[in-house]
Amino acid sequence: MAPMSEGNQQSIEALSAEHRMFPPPAEFAANALTNDRTLFDEAAADHEGFWARQASELVEWSRPWDTVLEWDLPYSKWFLGGQLNVSANCLDRHVAAGNGDKIAIHWEGEPGDSRDITYAEMLDEVSKFANVLTGLGVEKGDRVMVYMPMIPEAAVAMLACARIGAPHSVVFGGFSAQSLADRIDDADAKVVITADGGHRRGSVFPLKPAADEAVEKTSTIEHVVVVKRGGNEVDMVDGRDHWYHELMNGASADCPPVPHDSEDLLFLLYTSGTTGKPKGIMHTMGGYLTHTTYTHKYVFDLHPETDVFWCTADVGWITGHSYIVYGPMSNGCTQVMYEGVPNYPENDRFWEIVAKYGVTKFYTAPTAIRTFMKWGAEEPAKHDLSSLQLLGTVGEPINPEAWMWYHEHIGGGRCPIVDTWWQTETGGIMISPLPGVTTTKPGSATHPLPGVVAELVDDDANHVETGGGYLTLTKPWPGMLRGIWGDPQRYIDTYWGRFDDRYFAGDGAKIDDDGYLWVLGRVDDVMNVSGHRISTAEVESALVSHPSVAEAAVVGATDATTGQAVMAYVILRSGAADVTPEELRTHVAGEIGAIAKPKAIFITPDLPKTRSGKIMRRLLRDVAEGRNLGDTTTLADASVVDELQRRANEAP
Ligand code: ATP
Ligand code: MG
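- An unreviewed UniProt entry annotates the chain as Acetyl-coenzyme A synthetase of Ilumatobacter fluminis.
- In the Sequence similarities (unreviewed entry) part of its UniProt record, the chain is described as follows: "Belongs to the ATP-dependent AMP-binding enzyme family."

This is the structure we're talking about:
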């Protein structure tokens, strides 16, 4: 248990201790872009100067900035006076440098069709589509909704918007008509870009009907552009709806990139809503592009001449914005984009794709890794994964055992792993190893990147040297959100209300004796058991360290004697030895202490997750406390909680 330093109230206790260490492999470090402390030292000595150097080296400006940073707490503005075109940075400059024939996207459709698109082709397509949008009356500043499957046209739509300065707002294709309508309304959007449908889990899911319903529920949409992908039957409204391929047929590929101000709005992205009504997070051009280009380059140790990068996120999430569209394309690298699910037609689809394209850098989420663990190591073993050089994770804390599994069965024991902590609001990666520099520990995001300043504090904003606390950011960074669309007060309340001079977006963390940071998840999820504040993440990781367990979700349920009691839901690994809840309780006690021993453990085939794959503990709390379920609209599969509820009611 963490020592309580005097006069320094600990907000979360630190229970587990991880001692396994993985220094950068010598050969990897020798070839890495950076393998010493230079970047850290430079950023520590001159925060603004460091970011200014990144902006001038990594981004092409049509007019240099006058002021690096204007910091008017809680608002930051970067590279003021500077002008750039984000899409020209992602396309034109690579073509101009002679890389027009280089593959930008190896696109893999779920049914097995595929397309290779070069940078020159991408530039043509984006230029044409920018002209199409202009032809539909879209002007700089107008908001455009993108509601698409994972097809290259999603990236084309985003970059075309960026080219003409019309902020896009991408809504994940799995969201309902109502979710789209709420976002259209909030953004006052003018155009929706969608598709007839896309392929998922072996069938076509229709998008256009949901887009129609959303457009009918709202009053601002003038045009709907429809990409043909699913081949499903759709209704087209005369004058309002247009086929993408028909508009593109007549469009000119001549669309010079006009310069935009660094602080012009690039996009709105509504957060996934794990914690409440979606917020339209605002990101602007110069700072965001600098941050994503820099982090994509150094965190993934990018060698654009040889790398094949694959980020498995959907473009509907911030990860897809920053590490499919903007970061990789600004860096001019070749990447893979995949339309479907990891288990179509079989559980080894991802590994087949890695082998097919020779993927070198692979970035996915802990939820996916735990699913792969559940399916078993024989799936990746069917393919040659020797092209892989580096692995990344994002989205949730990664349980140390899931990290070890990833390291061994996907990375062949040779690939550094970057566990990257960041948020929709931060725009890009904030806390992560640098793979040629940092010695990693399984489950720890390690340290803030050069240029990022984070501090752990207790309830009274005192510095926490070791132990648990609130994860805050004390200096502005270029990819920082510029506010919440249409709701400045909510921006202040949400991020600056808990501590008034530091950014706090709701995560707890701990620092171990070696100074490593461990993100413990949302502070709302912290349990209070007999006065001990315990993070769900640590109990979950203790459960996942049992050889029979693939995934675990833990919540605190009201308890008459202890205040809250630890309740656990556990998914077993396929083919694993049978295990009783009692054995697992004892295992947790042995791993992290009796105080964290779950009162009850339920073995379940599935867990409620958001559509971005994160465990929704709020709903599990409702189940555990026998309440009616709250808002379930952002759940990927609502039947999962119904089943858990049914079992809970049947329990004696
Ligand atoms: P909402 O804010 O709408 O509730 P969300 O927070 O899930 O949704 P994102 O911005 O996609 O939306 O996710 C950011 C959050 O994901 C972080 O605040 C953190 O809780 C979690 N997270 C991301 N990366 C990591 C990581 N490497 N380790 C631990 N947690 C992570
Ligand atoms: Mg969040």
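Structure shown, so let's carry the discussion forward.
**Considering the UniProt feature "binding site: ATP" (unreviewed entry) in the chain**
- As annotated in UniProt, the feature "binding site: ATP" (unreviewed entry) corresponds to Gly-395, Glu-396, Pro-397, Asp-419, Thr-420, Trp-421, Trp-422, Gln-423, Thr-424, Asp-507, Arg-522 and Arg-533 in the numbering used here. On the basis of their most widely separated C-alpha atoms, the annotated residues across 139 residues do not gather in one place, lying as much as 26.8 Å apart. Of the annotated positions named here, the largest cavity is lined by Glu-396 and Pro-397.
- Mapped onto the secondary structure, Gly-395 falls in the loop between strand 19 (390-393) and helix 15 (400-410).
- The contacts of Gly-395, once residues within four sequence positions are left out, are Pro-366 and Lys-614.
- Position of Trp-421 among the secondary structure elements: in the loop between strand 20 (417-419) and strand 21 (454-457).
- In this structure, Trp-421 is in contact with Ile-429, Met-430, Ile-431, Ala-445, Leu-471, Leu-473, Asp-507 and Val-519, ignoring residues within four places of it in sequence.

**Observations concerning the packing of aromatic side chains**
- Applying the stated criterion to the full structure yields 42 aromatic pairs.
- Ring geometry for Trp-65 and Phe-79: centres 4.8 Å apart, planes at 50°, overall tilted. Here Trp-65 is found in the loop between helix 3 (47-58) and strand 1 (67-72), whereas its partner Phe-79 is found in strand 2 (residues 75-80), with 14 residues between them in sequence. Accessibility classification places Trp-65 together with Phe-79 in one group, the buried group.
- An aromatic cluster of three or more residues is present, and its members are Trp-71, Tyr-75, Trp-477, Tyr-491, Tyr-495, Trp-496 and Tyr-503.
- The side chain of Lys-441 reaches across the aromatic face of Tyr-516, ending 4.7 Å from its centre.

Scoring rules and cut-offs
Position numbers for residues start from 1 in each chain and track the written sequence from start to end. Here every chain gets a letter starting at A, and every ligand a number starting at 1, in the order they are written. Per-residue local features of the predicted model are confined to residues with pLDDT of at least 70, and side-chain atom pairs are confined, for both listing and counting, to 80 or more; whole-chain, interface and lining totals are unaffected and use all residues. In computing side-chain properties, one takes all heavy atoms of the structure into account and sets aside hydrogens as well as water. UniProt positions are given in the numbering used here, feature names are shortened, and annotations may be inferred rather than shown by experiment. Here a cavity denotes grid points, spaced 1 Å and computed from the protein atoms alone, that fit a 1.4 Å probe unable to get out, and a pocket denotes an open set having protein on both sides within 12 Å along at least 5 of 7 lines; residues with an atom within 4 Å of a point are the lining. Strands are runs of DSSP state E lasting at least 2 residues, helices are runs of H or I lasting at least 4, and numbering of each runs from the N terminus. Working rule for contacts: check all heavy atoms of both residues, and any pair within 4.5 Å makes them a contact. The criterion for an aromatic pair is that two Phe, Tyr or Trp rings (for Trp, the six-membered ring) have centres within 6.5 Å, with stacked assigned to planes under 30 degrees apart, edge-to-face to planes over 60 apart and tilted to the rest. Buried, partly exposed and exposed residues are distinguished by accessible area as a fraction of the type maximum, computed with a 1.4 Å probe on protein chains only: under 20%, between the cut-offs, and over 50%, respectively. Criterion for a charge above a ring: Arg CZ or Lys NZ at most 6 Å from the ring centre, at most 35 degrees from the ring normal.

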